[in-house]
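# What the coordinates show
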Amino acid sequence: MEVTAEIIQDAVARYAAVRGQGTLANLLAFARVLKQLGIKVGMSQVIDASRSLGFVNLASKSDFRAALRANLVSEKDDIALFERVFEFFWQDDHPERPTVDVVTPPMVSGERDGWADGEEGGVEELLAQGQSPEAQPEPDEEPFSVPTYSPNEILSRKDFSEMGIEESRAVARAILMIANKIATQVSRRKRRATKGESIDPRWTMRKSIKYGGEIVELVARKRRIKKTRVVLLCDVSGSMDCYSRFLIQFMYGLQNELWGVETFVFSTSLSRITHLIRSKDIAGALDRISNAVLGWSGGTNIGRSLQTFNQDFAPALVSHRTVVVIISDGWDRGDVRVLEREMRRLKARCRKIIWLNPLLASEHYEPLCKGMQAALPYLDYFLSVHNVHSLVALGRTLQRLVA
Amino acid sequence: MNPKKLTIETIQDALRAHQYICDRSLATVVYLSIAMGKPLLLEGEAGVGKTEVAKVLAEVMETKLIRLQCYEGLDANTALYEWNYPKQMLRIKLEEVQRGDREAVETEIFSEEYLVRRPLLEAIQSDGVTPPVLLIDEIDRADMEFEAFLLEVLSDFQITIPEIGTIRAKKRPYVYLTSNRTREIHDALKRRCLYHWIDYPSLEKEYEIVMTKFPQVESLLAKQICAFMQRVREMNFYKRPGVAETLDWASALMALNRHELDEATVNETMGCVFKYREDLHRLEEELSSKRLDLNQMLKAPTELQA
């Protein structure tokens, strides 16, 4: 996401009222601005930053800058932004900016949930003292203009009966193989086992106690298999219609072959359908899904769907062991900046993101549509699925990659 | 050196005296980490001297360097402590033969004599005048489990061994963590550290580094080497060479008694700079197609002041 000078200006302007109330207040406001622009800053870091100022010569701007940077930035990619905000914020004689017409900056990342538990406070209190109530920054709301982003959104219910799902053995087998590749991953950590590559002295010793210290049983160690969770996000918008039969099968196959799979479908909004496809009865499942999911074959808003996912589901479902599989053609009618931001948030949280794109198979396809382009930098694997053959290929690829 | 008397300037000068050229911002961060007792996380491309900071600092402070090289699967037993099982077993057997006092043996085999100290315990237990420098190298190679464990150690600087008790650091060691950014370090760990990104050096700085490490190198050659490296780093190689490669190359050229770079010399010695076949191949192409014009590049650096 491009952070323009105006966005920085706006962000700084929000906290203008706090300025001039001492270094600590300034520092808090500065941290808040960074935070608002997407740099992760925790309260403990701000406290340490303020502590560190006791050790450097504040008359030297470069030392002051280095001290703040070392404390507040912890990511290379944030350094450039930090420098820009620093320059703007700590101008030697900043003209007092108007405090009243505070505008919610258009697309500044809307993460107000950030200061970890109990760390909320500081700046808000200062703001409350120094600012008139109407100038209080409003909680960021995504500036969606709902009626316009997807003009031909058809909230239709797809009639599944015409799909006539039949179990193709090849597809089922391919999916099983993929499922296994995604879900198991050998850990470098070891666990105790009766057979294994090396001896575990600690447990061998422990076991010998019951034989009076005589070593009878050798306890070995072997590599652990890590269980990986899989979250499947399926695009069921109109542009994916011709693949929906395959999608259903894929969702169904993955969910039923693997432990701990969560399945979601999205078009303009996101729905969790894990519980709907848990049973063995495919035909019934389709009915249930088509009844429950609004917007099947409608427009697409990947960004907003991902946002819902990140906000409502990711904290509970996604960890560093989770592989997120997104199946979509990347045609997105929503705001690309939202998509980009949400992809970044998702990437920071999960182990791997695999994007399966049915269009990738066509020779002339290049990921030109904006949505796909915005998402690309955050993908670990960008692969094709369109027929059984590509599924098998996918299985092989994953075998090499995930191992 | 007395840590209480340190200033940013003395650190910069002392590092320089030990042949580590650093800019003021790095010196500031190093100073802050010592003054605040906070670990310092150094990130940067391979070969820019991340590890070297800790090594040189240990020399400057005249203290011990304790190094923990991370790898996937590194666990608490390897990082912290382990009982010396063979020795314990031998002792038990011996006592059996001699019919010694059973209880005494039990307490004894779980005493410090039978403890194998691993780097973290060593750093915490160390009781020199100056605390040791603890270098946790390439933390990005360790896994999340180890990171979580490290978090615990780095926040309290104490370790509990059930059989012995809690061991608390008398003085906090100076902790340096390095990462090559092969994966994200967890926020919680980052929050406990100061952060500094070490960039590739500027032309002037790199020249100074070469001249400091090899005072006998001819100035022209040093300039040419640095100009070449700067130019190559702008290009899109799979693995861009770091300062370590610059120094390797300089020492190789000196061993070969070269006083100046030319195309033949470059071709002969490129193995010092590029370690991948694709990169070497690419460089050859660039040179032969004159997209990378060696002659022009080698003339240019003369404006650099010595």
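Residues numbered from 1 in each chain as written. Chains lettered and ligands numbered in written order. Predicted model: local features only at pLDDT ≥ 70, side-chain atom pairs only at ≥ 80, totals over all residues. Heavy atoms only, no water.

This part takes up the overall build of chain B. Secondary structure assignment for chain B yields 15 helices and nine strands. Within chain B, the proportion of its 306 residues that are buried is 50%. Nonlocal contacts in chain B, meaning residues at least 24 apart in sequence, comprise 74% of its contacts between residues at least 6 apart. Working note: accessible area of chain B is about 14500 Å², and carbon and sulfur atoms make up 49% of it. (Helix = DSSP H or I, 4+ residues; strand = E, 2+ residues; numbered from the N terminus. Buried < 20%, exposed > 50% of the residue type's maximum accessible area, 1.4 Å probe, protein only. Contact = heavy atoms within 4.5 Å. Areas by Shrake-Rupley, 256 points an atom, 1.4 Å probe, with all protein chains shown as cover.)

Right, let's talk about the interface of chain B and chain A for a bit. With 37 residues of chain B in contact, the opposing surface of chain A contributes 32 residues. Interface area, chain B with chain A, both sides summed: about 3100 Å², of which 53% is carbon and sulfur. Summed over the three residues of chain B that lose the most area to chain A, namely B:Met36, B:Tyr85 and B:Tyr195, the buried surface amounts to 19% of that side. Viewed at the interface, chain A and chain B are joined by four salt bridges. Here A:Lys40 ties to B:Asp187 by a salt bridge, and the two come within 3.2 Å at their closest N and O atoms. In this assembly, chain B and chain A are joined by 10 residue pairs in polar contact (both at pLDDT 80 or more). Among the elements of the structure, α2 (24–36), α5 (85–98), α8 (144–156), α9 (187–191) and β9 (194–198) of chain B are those that each provide at least two residues to the side of chain B that touches chain A. Top contributing element to the side of chain B that touches chain A by residue count: α2(B), with eight residues. (Buried area = accessible area lost by both parts, 1.4 Å probe. Salt bridge = Lys/Arg side-chain N within 4 Å of Asp/Glu carboxyl O. Polar contact = N/O pair within 3.5 Å; in protein donor to acceptor, adjacent residues only side chain to side chain.)

Moving on, we get to unusual backbone geometry. Residue and element names in this part refer to chain B. Unlike most non-glycine residues, glutamate 62 shows phi in positive territory, near 50°. Note that glutamate 62 resides in the loop between α3 (50–60) and β2 (65–69). The class of glutamate 62 is exposed, set by a relative accessible area of 66%.

To continue, consider the pattern of salt bridges. A full pass over the atoms with the stated rule returns 31 salt bridges over all chains. Look at the salt bridges and you will find they share partners, linking A:Lys61, A:Arg65, A:Arg69, A:Glu83 and A:Glu87 into a network.

A word on the side chain of B:Gln88. Looking at the element boundaries, B:Gln88 is found in helix α5. Under the relative-accessibility criterion, B:Gln88 is labelled buried at 1%. Separated by 2.7 Å, the side chain of B:Gln88 and the backbone oxygen of B:Ile109 make a polar contact. Discounting residues that sit within four places of it in the chain, B:Gln88 has contacts with A:Met205, B:Trp83, B:Ile109, B:Phe110 and B:Tyr114.

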